[in-house]
Amino acid sequence: QVQLVESGGGLVQAGGSLRLSCATSLRPFSFYTMGWFRQVPGKQRELVAAISFGGGNRINYAESVKGRFTISRDNANNSAYLQMNSLKPEDTAVYYCAAKQWGLAAMSRLEIDYWGQGTQVTVSS
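As a starting point, this report considers the structure included with it. Throughout, a residue's number is its position along its own chain's written sequence, starting from 1. A pLDDT threshold of at least 70 governs which residues receive local features in this predicted model, and a stricter bar of 80 or more applies before side-chain atom pairs are shown or counted, although totals over entire chains, interfaces and linings include all residues. Water and hydrogen atoms were dropped before computing side-chain values, which therefore reflect all heavy atoms in the structure.

1. A look at the overall build of the protein
The helix and strand labels rest on DSSP assignments: H or I over at least four residues marks a helix, E over at least two residues marks a strand, and numbering proceeds from the N terminus. The secondary structure content of the protein amounts to zero helices and eleven strands. Overall, the protein shows an N-to-C arrangement of helices and strands of β-β-β-β-β-β-β-β-β-β-β. A compact globule built from 125 residues would reach a C-alpha radius of gyration of about 14 Å, and the protein, at 13 Å, matches this within 12%. In terms of principal-axis extent, the alpha carbons of the protein reach across some 40 × 25 × 25 Å. Here the globule rule is a power law, 2.2 Å times the number of residues to the power 0.38, and the radius of gyration is based on C-alpha atoms.

This is how it looks when you write it as structure tokens:
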């Protein structure tokens, strides 16, 4: 059974930083485009960032996080990461790790092969 396990969420003050991790059982991990989505109650899940399969040469960020968030992957450890700096209250959401085999960096929430269970990020003002 495939597993994507997020960690690193929590409560942080505005301007602070958090690093989310997604440990996976995907094999081979390098075949999968990895993404981070977020969702708040009453709204659709939205793409935050995605990094392409293989070496991760293609990266895509939502406009709202460009310059603040950095996505990365470690194929040797079958993991993906999201470094979040200069956090704002509007970044508060449940963050989900997602995987799509041979997917585009412009990931669609409708075309995901596997989801993690989500981790809560709360940014206080």
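2. Brief notes about the environment of R45
By the secondary structure assignment, R45 is in the loop between β4 (32-39) and β5 (46-51). A relative accessible area of 22% places R45 in the partly exposed class. When the C-alpha positions of R45 and Y95 are compared, they lie 9.1 Å apart, and in sequence the two are 50 residues distant. If we skip the residues at most four places from it in the chain, R45 touches F37, R38, Q39, Y96, R109 and W115. For each residue, the accessible area found with a 1.4 Å probe, counting protein chains only, is set against the maximum for its type, and the residue is called buried under 20%, exposed over 50%, and partly exposed in between. Any two residues whose heavy atoms approach within 4.5 Å are treated as being in contact.

3. A look at unusual backbone geometry
Residue P28 is reached from R27 by a cis peptide bond, and omega for that bond is -10 degrees. Mapped onto the secondary structure, P28 falls in the loop between β3 (18-24) and β4. Positive phi, close to 55 degrees, is recorded for N78, a residue that is not glycine. Within the fold, N78 resides in the loop between β7 (69-74) and β8 (79-84). You can call N78 buried: its relative accessible area is 13%. The backbone of W102 sits at a positive phi, close to 55 degrees, despite the residue not being glycine. Relative to the elements of secondary structure, W102 occurs in the loop between β9 (93-101) and β10 (114-115). Owing to a relative accessible area of 47%, W102 belongs among the partly exposed residues under this scheme.

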